[in-house]
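Residue-level structural notes
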Amino acid sequence: MSKIEKRITSKLIEPHDLSHRSKWLRDYYFLGPEREWNNEFMPFTTGTDWDIIWNETDYYVAPETHTYIGIKGKGVFECSFRSVAKPVTTLPENFWDLSLPERRTLFLEEVILNYVPQEIVGPSLLAGSRFNTQLSKCFNKKEAEKYWKKNLKARKAFFKYHKSGFGNCGATAGHIIVDYKTVITKGFKYLHEKAIKTYENLSEKEKKGPKGAELRAMIRSTLIPKKLAEKYAEECRRLKKEAPTQERVEELEQMARNLERVPWEPAETFWQGVQALWLTHMLIMAEESYPGPGTSFGRTDQYLWPLYKKDVIEEKNITKEFAKDILGSFWFHCNTVYDAMIRIGRQGITSAFGQLMTLSGCGPNGEDLTNELTYAILEVIDEWMPILEPKPNVRLHRNSPEKLLNIVIDMISRAQGAPFLINFDERSIAGMILEGIPKEEAWDYACVGCLENTMQGNDRSGTVNCNPNLAKSLELTLWNGRNMPGNVNKPWNKEGEQFGPKTGNPENFQSWEEFWNAWTEQIKFIIKYTVDVYNITEELRAEFLPTPYVSTLVRGCIEKGLDVRCGGPEIRFVTIEGVAFATTVDSLLAIKHFVYDKKKYTISQIKDALVNNFEGKDYVIMQTELKNKAPKYGNDEDEADEIARLVMKTWADETWKHETPTRFRFRPGMLSWNYWAGSAASLTPATPDGRKKGTFLSNAICPTTGADLKGPTAVTNSVGRALGGKTETGEYVNYLPNGASHTITFNPSILRDPEHRDKFKAYLRGYVENGGTCLQINMLDADMLRDAQKHPENYKNLLVRVTGYNAYFNAIGKELQDEIIARESHHM
């Protein structure tokens, strides 16, 4: 290795100060496919000829999987899972006489208790190993035929929408924080008794209808964790006979005793609390056959704090180091979600599943809630890094303590693109209040998936379900609601197809106001089109894919006798995540500046340049000017930021006007996942900001790459203004309750000494006041990334922040690698 390679690779974060147990578990995990044990997908079937196992609509929002869905038939994934699925032959004789929710619950119970092995992995202190299932949908023949007919309708509508460049959408599983606090403090016994009481209060007619069927399934579901814990307790006692040391014998016995209590009864110890949390969590993933994405833990350091405080601080029943070993076992199991497709790489086809853990944050009166468990968890994160799960989101606010900021900055300085998302409470809480959460409750929000804000235990907000390409509105405006000439993707659309409303030929517009009004109508159409396509998948899921177990864990569902997917939760939203915001803003700014203000170019000339993709000598100067001479969002400039605010408010306001057939209201957010660099970018023609066809769009709420020229404070101010800024009385405004992903890259040199660290701390304090809802920080040396491209074998565990998620640098495509390298690296 050369001197330069040694210099660069020496900066890579490494695990440190791990206990023997945690080191074993971490090392074992990273053996990957070489392990003798793994948590690979296990498919199970009822054995019928018409059985369906894989639900494709869960993956409509993951374009990297579209190849495997197929166009007309059942696709690679469905056929593959069916071909290797294990028949469940022990179902009761009356199985097909039961309602669909009851069949699905019974099938889950039978599989998880009698077909999935109960195993304790190595020296882990937690039970609950295999949970990556692909379960039969348990349809009878008539249901299967009806489902497949509606599924093909959904597929056709979705692919027309997607392949025509509008983005993607689909009713997706995961992305929820269930009521873990109730399980830990009251146990499933409480939920079981509540479900029974609700059922008993039904009329006889209701008991015979869908509400009775759902509640019977819920009652049965609440017993599954108890039965599974009992099976694991038996396994712990069996393993005692093989334990290598007396210490391990005693651990296994205590694990068995823990499992005999939780999650059925309330947890009495920190160990029991973490065990209850994990078993509850893994069963969500098993029921939904959706391993991990967005299924998040909420404010873990708050609801586990009383148990930690009692055991570690007050009564000293266990040491802090042993508590960290319990958490280390939890970390190991969280990461085994990636075993689902372990044979095709460390992250499978999709990456960064986003089991988010929210830490710190304010209380109801703005007081800080950081505690000793917060710091213990941060120690575990730091010692285990680099590793993907669970993802920590640290909530900062005006009263965050210096100690917390110092620890966060210290960890960031060593962690490249990991581990943090940093949420900012004042702006985020303003968004929760906007969507109708009472002010006295909004402080207790938490984050799911990448960074999406929801409430805990009573909220399903479909946080990644709709991802429209806002830049499509430019094309529709310039061509009077039609596709750009030549922008055809057969068989999904045709030349000159009329998609949007006829808002007039912009070549005849005499003012910027006329153009803006036409654009407004096109963006409204895009939101409505997104809603219409999405609702087809929403109806399909609600009718055919109930999840009674998850429903017992979301307040409102038992009380109403309604599934979590059918309007059961107390708080119900579906989020529309706008993609290509800055591309849209900068394009509008370019048109305003060059066509209407300076009158240097005409709309006709702009359109000709776009059709020709800025290729040819006639368009080189124009492209250069569009890219470099027009105002740009992200530089703390009043005109650009005001247009950005108006664009944001216009499309965000439109989302609130719509609902699903299942009584979920749409709300706005800005995530972008990897769409700006992938499918949306490839399907978007040239845009008036000077961007060429197929090249990257802008990422979430970030400025267009290379457009932010005035430093991180200027970017921060622009982001805050785009979200609404503040009122005249200083109250925060947030147009996006779901949150907005802001990824920023710094050169590691900014944290080289105490003076620069203090400046960075001041920057974070400033972000609280003037910035957005969520900040992701890449602390990267571009030379390191270029070397990683040349010598990937030296960087197997290098993590980078893509947007709201981390990924292993060598597991993403070169195009995305190049985009990360090209990002502006800021200095303080």
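Starting from 1, residues in each chain are numbered consecutively following that chain's sequence as written. pLDDT decides what is reported in this predicted model: residues at 70 or higher carry local features, side-chain atom pairs at 80 or more are listed and counted, and totals for whole chains, interfaces and linings draw on all residues regardless. For the side-chain quantities, the full set of heavy atoms in the structure was used; hydrogens and water were omitted.

As a further point, take the nonpolar core. Of all hydrophobic cores here, the largest spans 276 residues; its most connected members are F270 and F581. For helices the rule is a DSSP run of H or I covering at least 4 residues; for strands it is a run of E covering at least 2, with both sets numbered from the N terminus onward. With 15 residues, the single largest contributor to this core is helix α20 (residues 512-544). Only heavy atoms matter for contacts: two residues are in contact if any of them lie within 4.5 Å across the pair. In contact with F270, other than residues within four places in its own chain, are L304, L307, Y308, D311, I318, A323, I326, L327 and L373. What is meant by a nonpolar core is a set of buried Ala, Val, Leu, Ile, Met, Phe, Trp, Tyr and Cys residues, joined one to another through side-chain atoms within 4.5 Å. A 1.4 Å probe rolled over the protein chains alone gives each residue an accessible area, and that area as a share of the maximum for its type sets the label: buried under 20%, exposed over 50%, partly exposed in between.

With that settled, consider the state of the cysteines. Note on terminology: disulfide denotes any pair of cysteine sulfur atoms within 2.5 Å. As enumerated under the stated definition, the model contains 0 disulfides in all. C566 provides the cysteine sulfur closest to C138, a residue in no disulfide bond, and the two sulfurs are 16 Å apart. Unpaired in this structure, C236 has its nearest cysteine sulfur neighbour in C334, at a distance of 18 Å. Its relative accessible area of 0% is what places C236 among the buried residues.

With that settled, the discussion passes to the environment of Y445. Checked against the element boundaries, Y445 lands in the loop between α18 (439-442) and β8 (446-448). On the basis of relative accessible area, Y445 is assigned to the buried category, the value being 0%. Sequence separation between Y445 and P754 is 309 residues, and the spatial gap between their C-alpha atoms is 33 Å. In contact with Y445, not counting residues within four places along its chain, are R299, R395, N423, F424, D425, S428, I429, M432, N453, T454, M455 and Q456.

Along its 17 residues, helix α29 (residues 754-770) runs 24 Å from first to last C-alpha, staying within 8% of the 24 Å computed at 1.5 Å per residue. By the burial criterion, the buried members of α29 are H756, F760, K761, Y763, L764, Y767 and V768. With its buried residues spanning 150° around the axis, α29 presents them on a single face. The outward face of α29, more than 90 degrees from its buried face, is lined by the exposed residues P754 and E755. Every helix has an expected span of 1.5 Å times one less than the residues it contains. As used here, the arc belongs to the directions running from the helix axis to the C-beta atoms.

Next up on the list: unusual backbone geometry. Residue P386 is bonded to the preceding M385 through a cis peptide linkage, with omega at 0°. Take P386: it is sitting in the loop between α15 (372-384) and β6 (391-396). Phi at N613 is positive, roughly 60°, even though this residue is not glycine. Looking at the secondary structure, you find N613 in the loop between α24 (603-611) and α25 (617-628). Backbone geometry places F614, a non-glycine residue, at a positive phi of 60°. Counting through the fold element by element, F614 comes out in the loop between α24 and α25.

Whenever a carboxyl oxygen of Asp or Glu lies within 4 Å of a side-chain nitrogen of Lys or Arg, that contact is scored as a salt bridge. For the structure shown, the criterion picks out 63 salt bridges. When the shortest N-O distance is used, the salt bridge between E56 and R155 registers 2.6 Å. Of this pair, E56 sits in the loop between β1 (42-45) and α3 (75-84) while R155 sits in helix α5 (residues 141-163), placing them 99 residues apart in sequence. For the pair E56 and R155, a shared accessibility class is recorded, and that class is buried. Here D532 ties to K528 by a salt bridge, and the two come within 2.9 Å at their closest N and O atoms. Highlighted residues: D532 and K528, both in helix α20, separated by 4 residues, approximately one helical turn. According to the relative accessible area criterion, K528 is partly exposed, its value standing at 37%.

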